[in-house]
Structure formats: C-alpha cells, structure tokens
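Architecture at a glance
Residues per chain, in single letters:
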Amino acid sequence: MLKPKVIFAAFLFLFSIFALYMWINSLEAPSHTHSEDEGTSRVKNIEKSITELEKRLETNPDDFNILMALGHAYLELQNYKDAQKYFGKAAQINPESAEAQTDFALTLSKNNSVKEALAILEKVTKTFPEYGDGWLQLAVIYRFSLKDNEKALYNFQKFMEVEKQSELIPRVKEEIKKIKAEMNIQ
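So, here is what we can say about the structure in this document. Just so you know, these numbers come straight off a predicted model, no measurement behind them.

**Quick look at the overall build of the chain**
When helices and strands are tallied, the chain shows nine helices and zero strands. The burial tally for the chain puts 34% of its 186 residues in the buried class. By sequence separation, contacts in the chain at least 24 residues apart represent 44% of the contacts at least 6 residues apart. Total accessible area on the chain stands at roughly 12500 Å², and carbon and sulfur atoms take up 56% of it.

Given below as structure tokens:
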C-alpha cells in the first residue's frame, strides 16, 4: 500500500509537469483560434467600462481609483498611450502608490521611454522594496529592453524574495534558468 507522502509527492510532481506544460504552451501562438465573438465581446465590455469610467471622471477628475481603473482598462486593450496618461495622472495624485508608479513606468517602457521607466522603477524598488511588481518590471526592462542579464538576474531574484506566493514564480524561475545558462552560471 502506498504511503500518503508518496501519493502526495506523485501528485505534486504531476501537477508541476502540468503547470510547466501550460506555461510553455502559453508562450507559443495558440494552436486554435477562439471565436471572434469572444474577443469582440471582451473588447466591447472593456470599451463600455472605459466610457462609463470616463463619464465618472468628468465629475471627479482627480479620483485616483477611477484613474487607475482607466489605466488598467487601456492597458488590457494594449493602448499604452492612453494607459500612460491615466497612470501618469494617478501617480501624480498619489506618489506613495507603488502600483501607480510601477504601472506608469510599465506604460512608459511600452511607449519607448525606457530610460524614464527605468528611473521610476529604480525609485519604486528603493522606496517600496516589498512591492514585488516593481522588481519584476525592472527585471523585464533589464532583460528585454537593455539586454543586461546581470541586472535582470538580480531583479528577478529580488522579485522571488519578495513574492513567495505569486503565480508568476514558475515563469520567473524559468527566465532565471535561461539567464544563468546564457551567462554560464550554475
């Protein structure tokens, strides 16, 4: 008869393989297309939310939560210019929000203002060292925009120290492995 520890270990191993398989498949183009109605419906729902949020913003133009919601909605649509506008204003209104600062930096990098994004993220990680997304976005810029594996590795590792429960940990671990392989580090 199998012991519970063996069964649990087998289950954990199989689950890990499945999670890795799902992650690898998420990196490739999908082998099938979703119906156009699903994508169109999602976009229409986001656009409807944007319209409602912008109407609410007219009556309270400095509402931090509305600005953040608009920034996230535009980010979801990959409209980085408008997302940057709203995250920028939110970051001005609440400079103590690590999320607003990080999201603003993210949109700056997406709009080819990498140096400005880098400066903001360096400040975010110094001011809010426990905010994992700051470390993650900093690592992404170093890895993919600036091609600086040493600094990318450091920042990915800082993310791992701070974010012990993040669903992104498997992807970050894989990226760390790639970096170490490229740098010939064990």
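**Topic: the side chain of serine 109**
On the secondary structure map, serine 109 appears in helix H5 (residues 98–110). At 2.7 Å, the side chain of serine 109 and the backbone oxygen of leucine 106 are in polar contact. Those residues in contact with serine 109, other than ones at most four positions away along the chain, are Val114, Ala117 and Ile141.

**As for the nonpolar core**
Grouped together as the largest cluster of nonpolar side chains are 46 residues, with contacts concentrated most on Leu70, Phe156 and Val172. Elements with a minimum of two residues in this core: helix H2 (36–59), helix H3 (64–76), helix H4 (80–93), H5, helix H6 (114–127), helix H7 (132–145), helix H8 (149–162) and helix H9 (169–183). With seven residues, the top contributor of residues to this core is H3. Leave out the neighbours within four places in its chain, and phenylalanine 156 touches Leu136, Ala139, Val140, Arg143, Val172, Glu175, Ile176 and Ile179.

**Overview of the pattern of salt bridges**
A complete count under the given rule lists six salt bridges for this structure. The closest approach of N and O atoms between arginine 143 and glutamate 182, which form a salt bridge, is 2.8 Å. Residue arginine 143 is found in helix H7, and its partner glutamate 182 is found in helix H9; the two are separated by 39 residues along the sequence. The shortest N-O distance in the salt bridge between glutamate 161 and lysine 158 comes to 3.6 Å. Taken together, the positions of glutamate 161 and lysine 158, both in helix H8 and three residues apart, correspond to about one turn of that helix. Here the residues in one salt-bridge network are Arg143, Glu175 and Glu182, joined through shared partners.

Here is what the cut-offs are and how they apply
- Residues numbered from 1 in each chain as written.
- Predicted model: local features only at pLDDT ≥ 70, side-chain atom pairs only at ≥ 80, totals over all residues.
- Heavy atoms only, no water.
- Helix = DSSP H or I, 4+ residues; strand = E, 2+ residues; numbered from the N terminus.
- Buried < 20%, exposed > 50% of the residue type's maximum accessible area, 1.4 Å probe, protein only.
- Contact = heavy atoms within 4.5 Å.
- Areas by Shrake-Rupley, 256 points an atom, 1.4 Å probe, with all protein chains shown as cover.
- Polar contact = N/O pair within 3.5 Å; in protein donor to acceptor, adjacent residues only side chain to side chain.
- Core = buried A, V, L, I, M, F, W, Y, C linked by side-chain atoms within 4.5 Å.
- Salt bridge = Lys/Arg side-chain N within 4 Å of Asp/Glu carboxyl O.

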